[in-house]
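# A look at the structure
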Amino acid sequence: QVQLVESGGGLVQPGGSLKLSCAASGSIFINAMGWYRQAPGKERELVARITHGGITNYADSVKGRFTISKDNDKNTVYLQMIGLKPEDTAVYYCNIYDDWGTNYWGQGTQVTVSA
């Protein structure tokens, strides 16, 4: 059974930084890994995504501030966030899309950007 465990969320002041981690356990053939977020009253949106081959894409709102990376040996994906803004406040969810088209989700980690 595949499980995703996230860590790294928290409270940070505007302009600050956080790094999220998500480790996948279990037998899985990863096609892509990504981070989504959902703010109160809004739909879940893609933040960043990285394919098994290393191709990345980002939401326009985070380009230049967020960096997604991965460690294939550890089945772990990271999201380095700098220059955080209050509008980045949301629950961040890790996502893994496997080679059979199945999506797996983490439990979510809260990121709050506030003075």
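Residues numbered from 1 in each chain as written. Predicted model: local features only at pLDDT ≥ 70, side-chain atom pairs only at ≥ 80, totals over all residues. Heavy atoms only, no water.

It is worth spelling out the environment of L84 at this point. Looking at where L84 falls in the secondary structure, it is placed in the loop between β8 (76-81) and β9 (90-98). What makes L84 buried here is its relative accessible area of 1%. A C-alpha to C-alpha distance of 6.2 Å links L84 and S17, two positions 67 residues apart in sequence. (Helix = DSSP H or I, 4+ residues; strand = E, 2+ residues; numbered from the N terminus. Buried < 20%, exposed > 50% of the residue type's maximum accessible area, 1.4 Å probe, protein only.)

Once that is clear, we can look at the nonpolar core. Ranked by size, the top nonpolar core spans 28 residues in total, and within it W35, V47, F66, V77, L79, M81 and Y92 carry the most contacts. For this core, the secondary structure elements donating two or more residues are β3 (18-25), β4 (30-38), β5 (45-51), β7 (66-71), β8, β9 and β11 (109-113). Sequence-distant contacts of V47, that is, excluding residues within four places in its chain, are made with W35, Y36, R37, N57, Y58, A59, V62, F66, L79 and Y92. (Core = buried A, V, L, I, M, F, W, Y, C linked by side-chain atoms within 4.5 Å. Contact = heavy atoms within 4.5 Å.)

Our focus in this paragraph is the packing of aromatic side chains. Considering all chains together, one arrives at 2 aromatic pairs under this definition. Judged by centre distance (5.0 Å) and plane angle (70°), the ring pair of Y36 and W105 falls under edge-to-face. With Y36 in strand β4 and W105 in strand β10 (residues 103-105), this residue pair connects regions lying 69 residues apart in the sequence. In this structure, K19 is placed above the aromatic ring of Y78, and the distance from its NZ or CZ to the ring centre is 4.8 Å. For the cation-ring pair, R44 lies above W105, with the distance from its terminal atom to the ring centre recorded as 4.7 Å. (Phe/Tyr/Trp six-rings, centres within 6.5 Å; stacked < 30°, edge-to-face > 60°. Lys NZ or Arg CZ within 6 Å of the ring centre and 35° of its normal.)

Geometric values such as these leave the question of function open.
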